[in-house]
Amino acid sequence: MYTNLNRIRADIEMLSTFNDSDGEGLTRFSLTKADRGARNYLKNALEKLDLKVYEDAAGSLIGRLEGSEPLAPTILIGSHFDSVRNGGHFDGPAGVVMALEIMRVLKAKDIKLRHSVEFVAMIEEEGGRFGAGVFGSRAMTGQVTYEDLVKHKDEAGISMAEAFEAFGFDPKKIGEAARKPESIKAFIELHIEQGPVLEHEKIDVGIVESIVGIREFRVIIKGRPDHAGTTPMTLRKDALCAAAEVISALPKYASRAEEGTVATVGVLEVKPGAANIIPGKVEFTVDIRSRHASAIQIVQDEIEKKLNDLANLNGIQFEIEMLLSVKPVAIDAEVIKCFKGQADQNQFSYKMMNSGAGHDAMIMASIAPSGLIFVPSKDGRSHCKEEWTDYDALQKGIELICHSIIELGR
Ligand code: HGY
Ligand code: MN
Ligand code: MN
């Protein structure tokens, strides 16, 4: 093996210590104290390798190893280093540690590649703090504006723009994060599977061939707050009852759409929020995913139709605020061929897979050939404290990508 298991374990364990969690698991939101700690750890490790280390205008951390042909397009490798609330220690960091370990191997073995290679630790992929997911890669692909930074706010009402300034970044420069498509040869990510297949079938790695499309939006329903005791049932404009009718219909809408379509309500806020007041305002998030873009639209249309029916029936009002809309993507055939060849040469078993989770690779695929390798998740668990990947299993995925980068980089 070119890669070193002890270094991989040490990186994951060190990154795990940068945690703002109020209880279980890892909470590392972007532009927070925990972000700062993880960022500095990674910066130090990159600077030790004598790489060109910098943060792009979106706040993602980059470490560049020049190739012999500086004008040749660059290979980017990495993943994200933010987490969901009370999440696990491998979702994101597994891919960041992959990139760091490969940079170490390229330097230690003095492997000279024609193409430059960049370590990338993306910011705000989960959208955990500001609700705007795959942010670092959307900025890298020119899809984020200063107005977006003003619009997206955290629970305390702090906008991304304000958080940027407090952290030391200039939000007005966000456009400078965009990369020219011709400057990138490939974006390669390693991620935990976040499902049970690889572990169950005892397969070393997953070679991802497609990633689902995702549509996330917030539904705001306005009814009328009234006294819970004196208002007859026929005179109510109960925002929560209307929301409940929509939410309880989601499983039916998803199952009626193309096979594999899923829909989730992960956040529900009821206002004013007292036992003796009829809810006047309710906000909830909807997350729809499918390999078929048409299926996502069908589910959204059904939701909007239901909301219109409820508005006509009992006078509630509603708004839909779009948070994220990404088309399904196919992973680059050349990159897949390289992964397959290297898996065979290194005797790693592999399975072709579709990703039900969103990843930065699906955004980067809009400007450059992208590749994504999965490593097994224990009991298929993720986005929880139980999230785990055995270090030897993680090392196999890193080793595969290391040999693939050397092949692609020549
Ligand atoms: O939501 C996702 O699929 C990813 O974890 N951001
Ligand atoms: Mn995640
Ligand atoms: Mn992730």
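All values derive from a computational prediction rather than experimental measurement.

Rules used in this analysis
- Residues numbered from 1 in each chain as written.
- Chains lettered and ligands numbered in written order.
- Predicted model: local features only at pLDDT ≥ 70, side-chain atom pairs only at ≥ 80, totals over all residues.
- Heavy atoms only, no water.
- Salt bridge = Lys/Arg side-chain N within 4 Å of Asp/Glu carboxyl O.
- Buried < 20%, exposed > 50% of the residue type's maximum accessible area, 1.4 Å probe, protein only.
- Donors = N, O, S within 2.8 Å, 3.2 Å for Na, K, Ca; no water.
- Patch = residues over 30% accessible without salt bridge, like charges linked within 9 Å, V, L, I, M, F, W, Y side chains within 5 Å.
- Areas by Shrake-Rupley, 256 points an atom, 1.4 Å probe, with all protein chains shown as cover.
- Helix = DSSP H or I, 4+ residues; strand = E, 2+ residues; numbered from the N terminus.
- Expected span 1.5 Å × (residues − 1).
- Arc of directions from axis to C-beta.
- Contact = heavy atoms within 4.5 Å.

Peer 1: Which residues make up the pattern of salt bridges, and what values go with them?
Peer 2: With the rule as written, the count across this model stands at 30 salt bridges. A salt bridge links Lys271 to Glu269; the shortest N-O distance between them is 3.9 Å. A residue is classified by how much of its surface remains accessible, and Lys271, at 40% relative accessible area, is partly exposed. The salt bridge involving Asp379 is made with Lys378; its shortest N-O contact spans 3.3 Å. Salt bridges here are not isolated pairs; linked through shared partners, they connect Arg7, Asp11, Glu101 and Arg104.

Peer 1: Talk me through the coordination of the manganese ion (ligand 3); I want residue IDs and the actual numbers.
Peer 2: Within the protein, His80 (NE2), Asp91 (OD) and His191 (NE2) serve as the donor atoms for the manganese ion (ligand 3), at 2.0 to 2.2 Å. Linear spacing of the donor residues for the manganese ion (ligand 3) on their chain is H-x10-D-x99-H. Residue classification places Asp91 among the buried residues on the basis of a relative accessible area of 4%.

Peer 1: Please provide a residue-by-residue account of a nonpolar patch on the surface, values included.
Peer 2: Together, Leu240, Leu268 and Val270 make up a nonpolar patch on the protein surface, roughly 210 Å² of accessible area in all. Within the fold, Leu268 resides in strand β10 (residues 268–271). Leu268 sits in the partly exposed class, given a relative accessible area of 45%.

Peer 1: Can you break down helix α9 (residues 293–314) residue by residue, with the values?
Peer 2: The end-to-end C-alpha distance of α9, which contains 22 residues, comes to 32 Å, matching closely the 32 Å that a straight helix rising 1.5 Å per residue would cover. Inspection of α9 places Ala295, Ile296, Val299, Gln300, Ile303, Leu307, Leu310 and Ala311 among the buried residues, and these make up the whole buried set. All buried residues of α9 project into a common sector of 160° when viewed along the axis, lining one side. Every exposed residue of α9 that faces more than 90 degrees away from the buried side is listed here: Lys305, Asn312 and Leu313. Against the buried residues of α9 lie β7 (213–222), α8 (239–256), β12 (281–290) and β13 (317–326). Downstream of α9 by one or two residues, Gly315 has phi in the positive range, about 75°.

Treat this as a map of the structure, not an account of what it does.
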